[in-house]
Structure formats: structure tokens, C-alpha cells
Amino acid sequence: MTDVQDCVVLLHGISRTALSFRKMQTALEAADFATLNIDYPSRHHALEALAEHIHPAVTHLAAGIAGQLHFVGHSMGGLLARVYLSRYRPERLGRVVMLGTPNGGSEIADRLKNVSLYRGWFGPAGEQLVTRRDAATGALFPPVDYPVGIIAGNKSIDPTSSLFLPKPHDGRVSVENTKLDGMADHVVIATAHPWLPGNRVAIAQTIAFLRDGRFDRQESG
């Protein structure tokens, strides 16, 4: 344990809950990070409103720690981290890890954005996951100027996803669309989109990047 403890804010994906990050949270705490695993109403608000929703909890946390404040986001949680940091960048911002985040959007959202069942289930934020963003949505994601490590999966448990996604992909997001200009590192592991937050290799790689600013090339997927 170090004298000054870093903390990690965990942001789950759309239609998920903080429980999806429980295994990651336990591993981070065992690695001497404090954690804030936030539940937020991902299906009910647009990304900008969700950033306002998490702000009080993140502000309270940042005021009580002396170390760095890192962010780890799964899927849309990574986009939420980008929106949040563009508005409320903490003074001691550390590193950011994104797991299966559709930084370039998702072709599945392109196909389904006008389908009533999709819109009803995923809500306003679901409509912001498209690959072709309008000016207002694009403005939510300015270029990153902080260390970002991206973990992508290349396996799918959904046989229909290949009809919409270019290979390789994780069943929800193509590996190519997880990439981000200015990212510090990128790694692909053998898992599907839903399992990324609890995958053993993804957890080990997340901890490696938070500690060292790069992924561990010896860790196999």
C-alpha cells in the first residue's frame, strides 16, 4: 500500500449496472486502488445529462483523495468518461482505460437507431452511438489529451452481429471502431463484448495500464 492512494472511477455500459464491474472492482482494490463503481441511468438520458448525473459523486471522491483519479469505462461508459472529462477534468487526472468502447460508433446502432424497440430500450444515449455523428454529438468528444488505453475484444456470442459489423469485432463493436486518435496504447483480446469487464486478461491489462501507462505484451488473451 502506498501512502498516497489512487482511485478508479468505474463506468458501466449501456443497460448494464455497477454489478458488471464487480470482479474488476475487487481486483483493483486488491491491487491497492480505491474504487468508485457508479450506477447511473444509462438508458434514460443522453450522454451530456449522464455526465451531469455522475458529477456530484466524482467531485466528492476527488475532494477526498490525495492520489490520481483514473477512469475505466466499458462500452458506452468509455464515451461517458470522454464527455465527463471534457467538461469536468479533475485536477489530478490519471489514466483512462476503455473496454470495447465505440469511439468510432457502432454499425449496429446505425442500423437500429430508427427502430422503435431499440429507441425504447436504449434511450437517448443509444442514438448517440452511431458511426455518423451530427455536429452536436461530435462536439461532445473533443480530442483526448490524457493517457488512454483501449482494450478491444475479437470474439462474438451473437451470430447475427457479423451481418452488421466488419471483422474483427466483439459482437457489438468492431476492433477498428474502438480505436481513438491520440490513444496511448491498444490491445485486442479473445473475448466478447459483454464479458470484457470481468475477463481475467482484460482486468490484468487494465491494472497494467493504470500502473505503467502501457499494456503488458506478455499477457496473452
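My aim in this report is to walk through the structure given alongside it, one point at a time. Given the structure is predicted, the values throughout are model-derived calculations rather than measurements. (Residues numbered from 1 in each chain as written. Predicted model: local features only at pLDDT ≥ 70, side-chain atom pairs only at ≥ 80, totals over all residues. Heavy atoms only, no water.)

For the rest of this paragraph, the subject is the packing of aromatic side chains. Following the criterion strictly, the structure yields three aromatic pairs and no others. Measuring from centroid to centroid gives 5.5 Å for Tyr84 and Tyr88, while their planes differ by 45°, and the two rings are tilted. Assessed through its relative accessible area of 1%, Tyr84 is described here as buried. (Phe/Tyr/Trp six-rings, centres within 6.5 Å; stacked < 30°, edge-to-face > 60°. Buried < 20%, exposed > 50% of the residue type's maximum accessible area, 1.4 Å probe, protein only.)

Our next topic: the sheet that holds strand 2 (residues 34–38). Across the sheet, which stays open at both edges, the six strands sit in the order 2-1-3-4-5-6 with parallel pairing between neighbours. Of all strands in the sheet, those bounded by a partner on one side alone are strand 2 and strand 6 (185–189). Pairwise comparison of adjacent strand axes, ignoring direction, gives a mean angle of 15° for this sheet. Pairing of strand 5 (residues 148–153) with strand 6 involves five bridges; the strand directions are parallel. Of the residues in strand 6, the one forming a bridge with Ile151 is Val187. Its contacts with the sheet put helix 2 (residues 47–63) on strand 1 (7–11), strand 2 and strand 3 (69–74), and the angle it makes with strand 2 is roughly 170°. Strands in contact with helix 3 (residues 76–87) are strand 1, strand 3 and strand 4 (93–99); relative to strand 3, the strand with the most contacts, it is inclined by about 140°. (Pairing = 2+ DSSP bridges. Helix = DSSP H or I, 4+ residues; strand = E, 2+ residues; numbered from the N terminus. Axes fitted to C-alpha atoms, helices over the stretch in contact; angles between N-to-C directions. Contact = heavy atoms within 4.5 Å.)

Considering the arrangement of structural elements, one finds Leu80 in helix 3. Looking at Leu80, the relative accessible area reads 0%, which means it is buried. In this structure the C-alpha to C-alpha distance between Leu80 and Glu48, which are 32 residues apart in sequence, comes to 8.0 Å. Every residue in contact with Leu80, bar those within four places of it in the chain, is listed here: Leu11, Tyr40, Leu47, Leu50, Ala51 and Ile54.

Below, the discussion takes up the pairing of strand 3. The buried count for strand 3 comes to six of six residues, which makes it a mostly enclosed element. In this sheet, strand 4 lies alongside strand 3 in parallel orientation, the contact comprising five bridges. Residue pairing across strands places His74 opposite Leu99, the latter belonging to strand 4. This β-α-β element, strand 3 to helix 3 to strand 4, shows right-handed connectivity. (Right-handed = clockwise from strand over helix to strand, strands pointing away.)

What follows is about the environment of Ala192. Of note, Ala192 is situated in the loop between strand 6 and helix 8 (200–212). Exposure remark for Ala192: the relative accessible area of 3% places this residue in the buried category. In the structure, Ala192 is positioned 28 residues away from Phe164 in sequence and 16 Å away in space, judged by C-alpha atoms. Among residues more than four places away in sequence, those in contact with Ala192 are Lys155, Ser156, Ile157 and Asp170.

It is worth spelling out the nonpolar core at this point. Ranked by internal contacts, the top residues of the largest apolar core, which has 36 residues, are Leu11 and Phe71. Where this core is concerned, the elements lending two or more residues are strand 1, helix 2, strand 3, helix 3, strand 4 and strand 5. Here this core gets seven residues from one element, more than from any other, and that element is helix 3. Setting aside residues up to four positions removed in sequence, Phe71 forms contacts with Val9, Leu11, Val58, Ala81, Tyr84, Leu85, Pro90, Leu93, Arg95, Val96 and Val97. If you look at the next biggest cluster of nonpolar residues, it comprises 21 residues, including Phe33, Leu99, Ile189 and Ile203. (Core = buried A, V, L, I, M, F, W, Y, C linked by side-chain atoms within 4.5 Å.)

What follows covers the environment of Val8. Among the structural elements, Val8 can be located in strand 1. Since its relative accessible area comes to 0%, Val8 is described here as buried. Residues Val8 and Thr26 lie 18 residues apart in sequence; the distance between their C-alpha atoms is 12 Å.

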